[in-house]
Amino acid sequence: MESEAEPDAVREVYERAIGNVPPAEEKRLWRRYIYLWINYALYEELIAKDMERTRQVYRACLDLIPHKKFTFGKVWLLYAQFEIRQKDLKAARQALGTAIGKCPKDRLFREYIGLELQLREFDRCRKLYEKFLEFNSANCTTWVKYAELETILGDTDRARALFELAVNQPLLDMPEVLWKAYIDFEINLEEYDKTRDLYERLLTRTQHVKVWISFAQFEASTGTDESMEQARSVYERADKSLRNVEEKEERVMLLEAWKEFETEHGNDTSQERIKKKMPRRVKKRRKVQTDDGSDAGWEEYYDYIFPDDEASMPNFKLLQMARLWKKQKEAQNEQ
């Protein structure tokens with residue numbers, strides 16, 4: 001119809017189609033229906049070239065959606081973008097403002113902030129970020145973007161205050177992203193004491209090996225006379241901290257990073273010292289059980305034995321010898 005018929009005939013078909021409103025207010029039933037409205041609006045704008053009718057279609061669609069139950073962010077955004085193309089910035093802002101008032105969604109906030117950024121309306125951006133964080137204070141990306149905006153505008157104190165507020169939130173969706181951004185922020189400002197303080201605070205919350213390695217690499221990169229010794233000190237602290245972790249691979253990862261550091265910056269003595277810390281990789285066997293607890297045979301796996309572990313377990317070899325002697329004794333009795 002769109003390719004052959006007159007606009008009035010096409011409109012009649014669209015009107016008949018959109019007249020079939022889904023019987024229940026369930027989003028899954030509305031998904032395909034909403035695309036009828038979107039296609040109708042796009043037809044009016046791009047083919048019929050009737051901008052007032054396009055506006056009417058978008059507004060009628062938005063009036064029809066039961067926003068208290070669910071919404072379609074795509075429709076709000078398409079309407080706002082249409083008004084921008086018509087150079088009616090006030091109508092676009094009004095649409096996006098109504099959207100986040102009725103049905104706040106991450107994507108709507110991001111698009112609205114993006115629009116104001118393009119227009120260099122930074123005070124409006126701040127207000128939108130504040131509303132965004134009121135709506136979802138656990139969103140680490142929003143905190144980081146807000147702090148980045150303040151950094152670009154040259155207000156580092158405000159940016160730092162935002163980071164502080166963020167890391168003290170009780171619930172965060174990606175804390176590792178937030179802490180990395182905060183640490184990078186202080187490094188870029190060459191605030192090395194503040195950076196160290198951040199690493200120490202982070203280590204009270206997590207002893208993850210990547211945090212330790214990042215801390216040591218930071219110390220090595222500061223370029224001061226003491227930087228190599230400070231980095232080595234971090235590696236030593238990390239090695240002590242990770243001795244008791246269940247995942248031995250984490251300690252291996254740390255020792256590999258430390259070995260690489262000593263190869264590049266150390267001397268013969270420090271390189272020999274780290275070599276003595278490296279573990280042996282041994283193949284072992286263990287029983288495998290299914291979900292219901294029944295035996296499912298044996299599997300081979302690799303384990304790591306660290307020199308200091310062997311030294312700290314003098315009774316380990318005695319136990320092994322005792323078990324071997326017991327087995328040999330049982331075998332002799334059977335004969």
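Within every chain, residues take consecutive numbers counted from 1 along the sequence as written. Side-chain atom pairs in this predicted model are given and counted only at pLDDT of 80 or more, local residue features only at pLDDT of at least 70, and totals for whole chains, interfaces and linings cover all residues. Excluded from the side-chain calculation are hydrogens and water; included are all heavy atoms of the structure.

- In its Subcellular location (unreviewed entry) section, the UniProt record describing the chain reads: "Nucleus".
- UniProt positions are given in the numbering used here, feature names are shortened, and annotations may be inferred rather than shown by experiment. For the record of the chain, the UniProt heading Sequence similarities (unreviewed entry) holds the text "Belongs to the crooked-neck family."

**Re the overall build of the chain**
Thought 1: Numbered from the N terminus, helices here are DSSP runs of H or I no shorter than four residues, and strands are runs of E no shorter than two. In terms of regular secondary structure, the chain is built from 17 helices and 2 strands.
Thought 2: For the chain, the C-alpha radius of gyration of 32 Å lies well beyond 20 Å, the compact-globule estimate for 335 residues.
Thought 3: Along the first, second and third principal axes, the C-alpha set of the chain runs to 100 × 65 × 35 Å.
Thought 4: Within the chain, buried positions represent 36% of all 335 residues.
Thought 5: Residue contacts are counted whenever heavy atoms from the two residues lie within 4.5 Å of one another. Of the contacts made within the chain by residues no fewer than 6 positions apart, 45% connect residues no fewer than 24 positions apart.
Thought 6: Working note: accessible area of the chain is about 21,200 Å², and carbon and sulfur atoms make up 49% of it.
Thought 7: Residues scored as positive are Lys and Arg, those scored as negative are Asp and Glu, and His as well as the terminal groups of each chain are ignored. Where a charge lies is defined by one atom per residue type, namely NZ (Lys), CZ (Arg), CG (Asp) and CD (Glu). Taking the average location of the 58 positive side-chain charges in the chain and that of its 63 negative ones, the two points are 3 Å from each other. For this measure, only C-alpha atoms enter the radius of gyration; the expected value for a globule follows 2.2 Å times N^0.38, where N is the number of residues. Exposed residues in this analysis have more than 50% of their type's maximum accessible area, buried residues have under 20%, and partly exposed residues fall in between, with area computed by a 1.4 Å probe over protein chains only. Reported accessibility uses the Shrake-Rupley method at a 1.4 Å probe radius. Residues are deemed covered only where the shown protein chains occlude them.

**Comments concerning the pairing of strand S1 (residues 280–289)**
Thought 1: When you tally the buried positions in S1, you get 1 out of 10 residues, a small fraction of the element.
Thought 2: Across 9 bridges, the pairing between S1 and strand S2 (residues 295–305) is antiparallel. When the bridges of S2 are listed, arginine 281 appears paired with tyrosine 304.
Thought 3: Here a strand pair is declared whenever DSSP counts at least two bridges between the two strands. Where S1 hands over to S2, the hairpin turn is made up of 5 residues, of which glycine 293 adopts a positive phi near 95 degrees.

**Topic: the side chain of glutamate 262**
Thought 1: In this fold, glutamate 262 is placed in helix H14 (residues 248–265).
Thought 2: A relative accessible area of 2% places glutamate 262 in the buried class.
Thought 3: Setting aside its immediate chain neighbours within four residues, glutamate 262 contacts Arg232, Ser270, Gln271 and Ile274.

**Some words on the packing of helix H7 (residues 122–135) against helix H8 (residues 140–152)**
In a pair of packed helices, the angle between the axes and the distance between the axes together describe the arrangement.
Thought 1: It is at 10 Å that the axes of H7 and H8 come closest, and there the two elements cross at 160 degrees. When the axis of H7 is compared with that of H8, the two are roughly antiparallel. Considering only the axes of H7 and H8, their crossing is left-handed. Residues Phe122, Cys125, Arg126, Tyr129, Glu130, Phe132 and Leu133 of H7 pack against Thr142, Trp143, Lys145, Tyr146, Leu149 and Glu150 of H8. Axis definition: a line fit to C-alpha positions, over the contact stretch in the case of helices; interaxial angles, taken between N-to-C directions, run 0 to 180 degrees. Every angle not falling under 35 degrees, over 145, or within 65 to 115 is termed oblique; those three ranges are roughly parallel, roughly antiparallel and roughly perpendicular. For any helix crossing, the convention is left-handed if the near helix is rotated counterclockwise from the far helix by under a right angle, and right-handed if that rotation is clockwise.

**Details of the environment of glutamine 207**
Thought 1: Along the chain, the position of glutamine 207 falls in the loop between helix H11 (192–205) and helix H12 (209–221).
Thought 2: On the basis of relative accessibility, which here comes to 34%, the residue glutamine 207 falls in the partly exposed class.
Thought 3: Residues glutamine 207 and phenylalanine 306, spaced 99 residues apart in sequence, show a C-alpha to C-alpha distance of 20 Å.
Thought 4: In contact with glutamine 207, other than residues within four places in its own chain, are Trp212, Ser241 and Leu242.
Thought 5: Polar contacts here mean pairs of N or O atoms no more than 3.5 Å apart (in protein, one a potential hydrogen donor and the other a potential acceptor; neighbouring residues in sequence count only if both atoms are side-chain atoms). Within the local environment of glutamine 207, its side chain forms a polar contact with the backbone oxygen of leucine 203, the two atoms lying 2.6 Å apart.
Thought 6: Looking at glutamine 207, its side chain comes within polar contact range of the side chain of serine 241, at 2.4 Å.

**Quick notes on the packing of aromatic side chains**
Thought 1: Here a pair means two rings of Phe, Tyr or Trp (six-membered ring of Trp) with centres within 6.5 Å. Their orientation is stacked below 30 degrees between planes, edge-to-face above 60, and tilted elsewhere. Under the counting rule described, the total for this entry stands at 17 aromatic pairs.
Thought 2: Relative to phenylalanine 70, the ring of tryptophan 30 lies with its centre 5.7 Å away and its plane at 70 degrees, an arrangement referred to as edge-to-face. Here tryptophan 30, found in helix H2 (residues 27–47), pairs with phenylalanine 70, found in the loop between helix H3 (51–64) and helix H4 (73–85); they are 40 residues apart in sequence, far enough to count as distant.
Thought 3: Put simply, the rings of Trp30, Tyr33, Phe70 and Phe72 touch in pairs and so form one group of aromatic residues.
Thought 4: Against the face of phenylalanine 72 rests lysine 27, its NZ or CZ located 4.9 Å from the ring centre. Here, a charge over a ring means that NZ of Lys or CZ of Arg falls within 6 Å of the ring centre while also lying within 35 degrees of the ring normal.

**A few points about the nonpolar core**
Thought 1: Formed by 86 residues in total, the largest nonpolar core has its most connected members in Ile34, Ile65, Val75, Phe163, Leu178 and Leu254.
Thought 2: Contact partners of leucine 254, with chain neighbours within four places excluded, come to Val209, Trp212, Ile213, Tyr235, Ala238, Asp239 and Leu242. By nonpolar core we mean a set of buried residues, namely Ala, Val, Leu, Ile, Met, Phe, Trp, Tyr and Cys, connected to one another through side-chain atoms within 4.5 Å.

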